[in-house]
Amino acid sequence: MKTARVPKLPLDEARAAADEAAVPDYMAELNIFQVLLNHPPLARGINDLLATMLWHGALDPRLRELLIMRIGWLTACDYEWTLHWRVASGLGVTADDLLGVRDWQGYDGFGPTERAVLAATDDVLRDGAVSAETWAACERELQSDKTVLIELVTVIGAWRMIASILQSLQVPLEDGVSSWPPDGRSPGSQTIR
């Protein structure tokens, strides 16, 4: 088990900081927020951004979770992969589809919508922006819905940021949580194609 570069707050202190920062109490139970709540205003901003997309988002939750899992895989972010394995599974995303993001180009279970948004994810992680070709596919598959398209790139950017925070601060997994579900296989050094 690794130790965070910025110490996690003890749970009672994290809950008090969460209350002061108007962050939901249950978020204080997550190691990422036990670290982030060392800076309560920033923890609140991050929570507000993520909560908007998680609880009030326009992007289909299944697509959102596939994107987050792809980011976790490409960035080798065990915490993001592991936490969102549980979130996505709870939303009914199948294990086959979650594992399919590892090599989505070779996975037959995804249709044109999944392929378009996963290509957008790869574009942003590789090049910093969605390519014109991929954008056209996303517009077509998402019916040119401006709200969904804006949220798509925001989800990619936000969870890429979270992966960077998690890895830079070396936030450990919660106690008792197994690494890289379901099979413990990590990406090692994954190259974006």
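Above this note sits the structure.
Predicted model, so just to flag it, every value in this text is computed and none were measured. (Residues numbered from 1 in each chain as written. Predicted model: local features only at pLDDT ≥ 70, side-chain atom pairs only at ≥ 80, totals over all residues. Heavy atoms only, no water.)

Participant: Explain the layout of surface pockets to me, using residue names and the numbers behind them.
Facilitator: Roughly 400 Å³ of volume is contained in the largest pocket. Taken together, 20 residues line the largest pocket, and the ones lying closest to its centre are Leu30, Leu54, Leu83, His84 and Val87. Mapped by element, the contributors of at least two residues to the lining of the largest pocket are α2 (31-36), α3 (40-56), α4 (61-74), α5 (78-90) and α9 (146-168). The biggest single contributor to the lining of the largest pocket is α5, with six residues. Residue classes in the lining of the largest pocket are distributed as 16 nonpolar, one polar and three charged. Estimates place the volume of the second largest pocket at around 150 Å³. Surrounding the second largest pocket, 11 residues form its lining, Lys2, Asp78, Val171, Pro172 and Leu173 being those nearest its centre. Elements represented by at least two residues in the lining of the second largest pocket include exactly α5 and α9. Here the residues of the lining of the second largest pocket are counted per class, giving eight nonpolar, one polar and two charged. (1 Å grid on protein atoms, 1.4 Å probe; cavity = no way out; pocket = protein on both sides within 12 Å on 5 of 7 lines; lining within 4 Å. Points joined across faces, edges and corners; volume = space filled by probe spheres on them. Helix = DSSP H or I, 4+ residues; strand = E, 2+ residues; numbered from the N terminus. Nonpolar A, V, L, I, M, F, W, Y, C, P; charged D, E, K, R; others polar.)

Participant: For the pattern of salt bridges, give the residues involved together with the corresponding values.
Facilitator: Following the criterion strictly, the structure yields 11 salt bridges and no others. The closest approach of N and O atoms between Arg140 and Glu141, which form a salt bridge, is 3.5 Å. Assessed through its relative accessible area of 56%, Arg140 is described here as exposed. On the accessibility criterion, Glu141 (18% relative accessible area) is buried. A cluster of three or more residues bridged by salt bridges with shared partners is formed by Arg15, Asp25 and Glu29. (Salt bridge = Lys/Arg side-chain N within 4 Å of Asp/Glu carboxyl O. Buried < 20%, exposed > 50% of the residue type's maximum accessible area, 1.4 Å probe, protein only.)

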